[in-house]
Amino acid sequence: MNIKLYLGLDVHKNSIVVASALADGTEPQSYGKWGGSNLSVERGLLKVRKKFGVDKSEISIVYEAGPSGFVLARRMLQLGYHCIIVGPSEVPSKAGDRVKTDKRDARKLARLHRAGELTAIHIPEARDEAVRDLCRARTDAMQALTRSKQQLGMFMLRNGYRYDGKTNWTQAHMNYLRRTRMQHPAQQLVLEEYVLEVDSGIERVNRIEKQMIELLPNWEREAYVRALMSFKGFKEVAAMTIISELGDISRFKHPRQLMGYLGMVPEESSSGEKRRQGGITKTGNGHARWMMIECASHYNHAPRVSPQLSARQAGQSREVRCIAWRAQNRLNYRFRRLAARQLHRNKIVVAIARELCGFLWELHLQVSDELVHKARAKQVG
């Protein structure tokens, strides 16, 4: 690319502060302030092109990721501009710099972008982001439901009521709660409200999961979701969550990059002959990391293709099923070996999740190759 102008944007809800840096190495300068809408940015970019006498292909834009999402970046890419987004934690800062303003931030972004010292984050496609939002809404609904159940359970325990059944929150447990009569009318009203909140939370979760399953056949990444469902521990919700969060996995050239993106590699502070490692970095996509760890806990059980798993593997290629079976054997073996060393279970599950990333990366390559072969065969036919 023949970039002649670098723009740093400090994006806020209702305003965007702009700084420019020419490719000749001169000091970055504050340009001005735009409105927070996409239309204001489009008009501002036209004025920038007119002032500096550059074309779209000669401008490169950068701004920090924030609550405004990826809408602005996707619009600029659609218009033909080169635009990247960087994580706030990836922008280097001086230890002694105590002055922070919007203009300084914009100039720093423009200067660092021109120097090539900024690492861009992945900008998801609009369709992937929509599915991701639906998956995250399901997680929010589950968290709200869990909180409602905890509040109801603590209320019952506080008033001396203990359920003697085997499992809580089954239909039998809910019937027990509906039959319970409190001593005071005010407490009875509280019980009814809590039960209604739990019922409403269950309906909300079921509604969202139904929408996810209905949306899957119309999603471009359905093949990857179906293939991931052939793995132990992955059903529709877990597979859709992982794929929607990661998007195009082919951008990771090696499984270690995927592990690092999910923050599952250990921290390290080594110097000379001393090597010190700590816990995992927990950087990158926390939602995908949480789901991978949840699914990795299933590999504690012996390798087995259950009737449910066999049904999910129906229609998958022999290669995909072989990868899933190798993952079961390898990860269960690792789980047992680490458990024999009496490591904490949480550490074991995280280690299994980290290795599961390698199988996920291999699975994505296999499915991508199969899709390419199917497309070529369709063209020939």
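Structure's up top.
Here's what I pulled together on the structure shown here. Small disclaimer: the values here were computed from a predicted structure and weren't measured. The residue numbering used here restarts from 1 in each chain and proceeds along that chain's sequence as written. In view of the model being predicted, local features appear only for residues whose pLDDT reaches at least 70, and side-chain atom pairs are presented and counted only at 80 or more, with totals across whole chains, interfaces and linings using the full set of residues. The side-chain figures draw on all heavy atoms in the structure; neither hydrogens nor water molecules are used.

**Comments concerning the nonpolar core**
Nine residue types can take part in a nonpolar core, namely buried Ala, Val, Leu, Ile, Met, Phe, Trp, Tyr and Cys, and a core is a set of them joined through side-chain atoms within 4.5 Å. Partly exposed describes any residue whose relative accessible area lies between the buried limit of under 20% and the exposed limit of over 50%, with all areas from a 1.4 Å probe on protein chains only and scaled to the type maximum. Ranked by size, the top nonpolar core spans 64 residues in total, and within it Leu228, Phe231, Phe234, Leu258 and Met292 carry the most contacts. Per-element accounting of this core gives the leading share, 12 residues, to helix α13 (residues 345–380). What makes two residues a contact is simply this: any of their non-hydrogen atoms within 4.5 Å. For Met292, the contacting residues outside a window of four places in its chain are Phe234, Ile242, Leu262, Met264, Ala353, Leu356, Cys357 and Leu360. Grouped together as the second largest cluster of nonpolar side chains are 21 residues, Val48, Val54, Leu72 and Met76 included. Helical segments are the DSSP runs of H or I of at least four residues, strand segments are the runs of E of at least two, and each set is numbered from the N terminus.

**Re unusual backbone geometry**
Even without being a glycine, Trp169 presents a positive backbone phi close to 65°. If you trace the backbone, Trp169 turns up in the loop between α4 (126–158) and α5 (171–179). Unusually for a residue other than glycine, Lys282 sits at a positive phi of about 60°. With respect to the helices and strands, Lys282 occurs in the loop between β7 (277–280) and α10 (286–296).

**Let's talk about the packing of aromatic side chains**
Two aromatic rings from Phe, Tyr or Trp, using only the six-membered ring of Trp, form a pair when their centres are within 6.5 Å; if the ring planes differ by under 30 degrees the pair is stacked, by over 60 it is edge-to-face, and anything between is tilted. Under the definition given, this model contains four aromatic pairs. Between Phe155 and Tyr194 the ring centres are 5.8 Å apart and the planes differ by 55°, which places this aromatic pair in the tilted class. Here Phe155, found in helix α4, pairs with Tyr194, found in helix α6 (residues 185–215); they are 39 residues apart in sequence, far enough to count as distant. Of the residues examined, Phe155 reaches a relative accessible area of 5% and is grouped as buried. Judged by centre distance (5.1 Å) and plane angle (45°), the ring pair of Tyr163 and Tyr176 falls under tilted. Here Tyr163 is found in the loop between α4 and α5, whereas its partner Tyr176 is found in helix α5, with 13 residues between them in sequence. When its relative accessible area of 24% is taken as the criterion, Tyr163 is described as partly exposed. Only Lys NZ and Arg CZ are tested; either one counts as a charge over a ring when it is within 6 Å of the ring centre and within 35 degrees of the ring normal. For the cation-ring pair, Arg251 lies above Tyr261, with the distance from its terminal atom to the ring centre recorded as 5.3 Å.

Any link to function would need more than the numbers given here.
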